[in-house]
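Below are the chains, spelled out letter by letter.
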Amino acid sequence: MRRPACLRTLALVAATLLAGGVGAAEAQDPQVKIRGTPHDFLYGMSFEGRAGTAVGDHGLVLATRDGGQTWTRQPAVAGGLGLLTVSRSQGRCLAGGQQGAILRSDDCLHWESLKPVTDARILGMHMNARGVAYAVGGFGTVLRSGDWGRTWEVLAIDWKAVLGTDAEPHLYGVKVDDDGAATLAGEFELVLRSQDGGARWQVLHRGERALSALATGPGGRLYAVGQEGLVLRSQDDGRTWAAVDTGSHAVLTDVWASPDGALVVAVGVRTVLVSRDGGSSFAPAAAAALRQGIHSTVHGIQDGSGGSGAHAVLIGGSAGAVTQLRF
């Protein structure tokens with residue numbers, strides 16, 4: 001069984017650190033929008049329109065209101081614990097991290113630390129427009145909130161029934177639909193879904209490698225990324241999945257898909273992979289600067305300055321930096 005290490009991104013860093021592949025995805029030269037100290041690291045980023053929040057080591061929180069063009073460093077929160085994930089919805093924010101830390105904010109500026117309901121690391125979080133939120137993490141941890149993160153319940157999953165062993169897989173990615181259906185991803189290439197608030201879970205996919213993140217696209221498209229350059233794609237809302245040959249052996253940590261379904265960007269260790277055909281094929285981004293450091297989180301924003309269909313893609317990770325690519 002593959003076991004991850006201590007933090008969300010570094011947990012998935014295995015022996016292979018370099019991306020391969022042929023061809024290169026062209027984009028404008030990357031622009032660094034903010035950079036912290038060499039010891040800073042960003043693990044999660046979430047946007048709602050042009051307003052965004054990024055979180056990282058030692059309670060690091062960054063905020064932007066102009067689509068990532070400028071960022072403000074907020075006072076450290078969570079008692080300096082590492083924050084590994086963040087989610088925005090309807091102007092509210094949730095963040096989670098080490099030692100089961102969960103924070104909430106009604107304006108994404110002023111944060112309240114909640115009493116932990118678990119001591120497991122919170123590695124992934126997502127909240128829908130109705131205030132239904134899920135948090136996932138170490139050793140099979142799944143939490144659910146129905147009130148914008150004010151209170152949380154621990155959901156028990158019979159992992160032996162799911163896996164056939166006593167293993168409790170670490171879970172890294174989660175998405176909550178508008179109707180409350182939750183989809184999770186983690187070790188063993190697990191993709192699970194619950195339609196009933198977490199009472200029952202259906203296994204949509206399983207395999208050998210760890211999955212680190214999920215993304216949704218239009219028309220029932222779903223994407224999951226993970227170890228050894230793995231990209232999985234579903235075109236039928238998760239009922240079936242197929243691996244895409246990325247030509248990469250890198251650890252992939254996050255993925256984003258554009259609302260029109262054409263552009264998909266996956267990031268990871270010294271790697272940025274780009275698809276312009278809805279995830280059918282990928283090529284490494286051409287800029288040499290993107291083949292350095294660890295890229296942990298990615299999000300794109302439609303950008304009218306480049307014409308119809310243009311996107312500004314923001315990538316966070318090493319040195320607390322946020323780098324922008326335009327496509």
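Basis of the calculations
Residues numbered from 1 in each chain as written. Predicted model: local features only at pLDDT ≥ 70, side-chain atom pairs only at ≥ 80, totals over all residues. Heavy atoms only, no water. Core = buried A, V, L, I, M, F, W, Y, C linked by side-chain atoms within 4.5 Å. Buried < 20%, exposed > 50% of the residue type's maximum accessible area, 1.4 Å probe, protein only. Helix = DSSP H or I, 4+ residues; strand = E, 2+ residues; numbered from the N terminus. Contact = heavy atoms within 4.5 Å. Disulfide = S-S within 2.5 Å. Salt bridge = Lys/Arg side-chain N within 4 Å of Asp/Glu carboxyl O. Polar contact = N/O pair within 3.5 Å; in protein donor to acceptor, adjacent residues only side chain to side chain.

**Q** Report on the nonpolar core, specifying residues and quantitative values.
**A** Counting residues in each nonpolar core, the largest one holds 19 residues, and the members touching the most others are Tyr-134, Val-142, Trp-159 and Trp-201. Among the elements of the structure, strand 11 (133-137), helix 1 (159-163), strand 14 (171-176) and strand 15 (182-186) are those that each provide at least two residues to this core. Once residues within four sequence positions are removed from consideration, Trp-159 is found in contact with Gly-140, Gly-164, Thr-165, Ala-167, Glu-168, Pro-169, Leu-171, Leu-190 and Leu-192.

**Q** Account for the state of the cysteines, with residues named and values stated.
**A** All chains considered together, the criterion is met by one disulfide. With its sulfur 2.1 Å from that of its partner, Cys-93 forms a disulfide with Cys-108. Negative torsions about the S-S bond denote left-handed disulfides, and the value of about 100° found for Cys-93 with Cys-108 makes this one right-handed. On the criterion of sequence distance, the pair formed by Cys-93 in strand 7 (residues 92-97) and Cys-108 in the loop between strand 8 (102-105) and strand 9 (112-113) is long-range, its members being 15 residues apart. For Cys-93, a relative accessible area of 1% gives the class buried. By relative accessible area, Cys-108 is classed as buried at 2%.

**Q** Tell me about the pattern of salt bridges, and please be specific about residues and values.
**A** Enumeration according to the criterion identifies ten salt bridges in this entry. Here Asp-166 ties to Lys-160 by a salt bridge, and the two come within 3.9 Å at their closest N and O atoms. In this structure, a network of salt bridges that share partners links the residues Arg-92, Arg-104, Asp-106 and Glu-112.

**Q** Run through the environment of Gln-31, naming residues and quoting values.
**A** Tracing the backbone through its elements, the reader meets Gln-31 in strand 1 (residues 31-34). A sequence separation of 258 residues divides Gln-31 from Ala-289, and the C-alpha atoms of the two residues are 9.9 Å apart. Among all residues touching Gln-31, those that are not within four sequence positions of it are Val-322, Thr-323 and Gln-324. For Gln-31, the side chain forms a polar contact with the side chain of Lys-33, separated by 3.1 Å.

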